[in-house]
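# An overview of the molecular structure
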Amino acid sequence: MKTIGHILARYTAWIWGLLKLLGIWGVFAIAFADSALLGMPVDAIVATYVYQDRKRLLFYIAMASLGSALGSIPLYLIGYWGGEKVLRKRISEERFIKIHNSFERHEFWALMFPGMLPPPMPFKVFVLGAAVFEMPFRDFLAAIFAGRFVRFLVLSLLVLWFGPQIVGLVGGVLKAHWILVISVVAEIFCVWLLIRQKRARKADRSELAAKTPPQGSDGL
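Presented here is a report on the structure given in the accompanying data block. (Residues numbered from 1 in each chain as written. Predicted model: local features only at pLDDT ≥ 70, side-chain atom pairs only at ≥ 80, totals over all residues. Heavy atoms only, no water.)

Along the backbone of the protein chain there are 10 helices and zero strands. When its helices and strands are written in sequence order, the protein chain yields α-α-α-α-α-α-α-α-α-α. By the burial criterion, 35% of the 220 residues in the protein chain qualify as buried. For the protein chain, the exposed surface amounts to about 13,900 Å²; the carbon and sulfur share of it is 67%. (Helix = DSSP H or I, 4+ residues; strand = E, 2+ residues; numbered from the N terminus. Buried < 20%, exposed > 50% of the residue type's maximum accessible area, 1.4 Å probe, protein only. Areas by Shrake-Rupley, 256 points an atom, 1.4 Å probe, with all protein chains shown as cover.)

On to helix H3 (residues 42-52), then. In terms of burial, H3 is a largely internal element, eight of the 11 residues being buried. Val-42, Asp-43, Ile-45, Val-46, Ala-47, Thr-48, Tyr-49 and Val-50 are the residues of H3 that are buried.

This part takes up helix H4 (residues 57-71). With 15 residues, H4 should reach 21 Å at 1.5 Å per residue; the first-to-last C-alpha distance of 21 Å fits that figure. Among the residues making up H4, those that are buried are Leu-57, Tyr-60, Ile-61, Met-63, Ala-64, Ser-65, Gly-67, Ser-68, Ala-69 and Gly-71. On its buried side, H4 packs onto helix H2 (26-36), H3, helix H5 (73-82) and helix H9 (137-162). (Expected span 1.5 Å × (residues − 1). Contact = heavy atoms within 4.5 Å.)

Counting 31 residues, the largest nonpolar core has Leu-87, Phe-103, Leu-111 and Phe-140 as the members making the most contacts within it. At the level of elements, H5, helix H6 (84-88), helix H7 (93-116), helix H8 (123-132) and H9 are the ones that each hand at least two residues to this core. Filtering out sequence-adjacent residues up to four positions away, Leu-87 remains in contact with Phe-96, Val-125, Leu-128, Gly-129, Val-132 and Phe-133. With 21 residues, the next largest nonpolar core counts Ile-15, Leu-19, Val-27 and Ile-61 among its residues. (Core = buried A, V, L, I, M, F, W, Y, C linked by side-chain atoms within 4.5 Å.)

Have a look at this one:
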């Protein structure tokens, strides 16, 4: 245990040393590495930057979101070139079908909503799914940027309101109840989709009724 603690301490010291060198661009670099290589404490770093320099709140949020989007490109290419085999090796058949169906219904939201959730949400699976199911590259980047922007914006507001300790508290709750959290978000998403589709159908019917001449009209 002492060895593990020593390694973690050195790892933490290395990250903060790197951030001092990078300055205000540190959030971009860490978010890029988090998406492209391995898990990094991106939420804690964004929270620290925002708490210490709240005047640049939107800048840090935008840079972290952009880093996450661009850092996902290597994984997108792996999924695009590797095809379904790459994704099927990592998830069950049942889950593969669910992800496929979500991208078939609305691929932008199918990627954006998972991007809003912090770990332990297995977001890289959805990134692979976006490539495997041939999501347009521009929409892919936009969905990740939008999802991460919402995530980091909510995180930053919570940090400014409650302090940096909220990161650990929220992270602990999500780790203990992440299935419940994902289920709630999925339910909200489904309800929103149903309401949106209902309004779209109502608008279509109204437009059709406006274009259809009344019965008995001779068209003059």
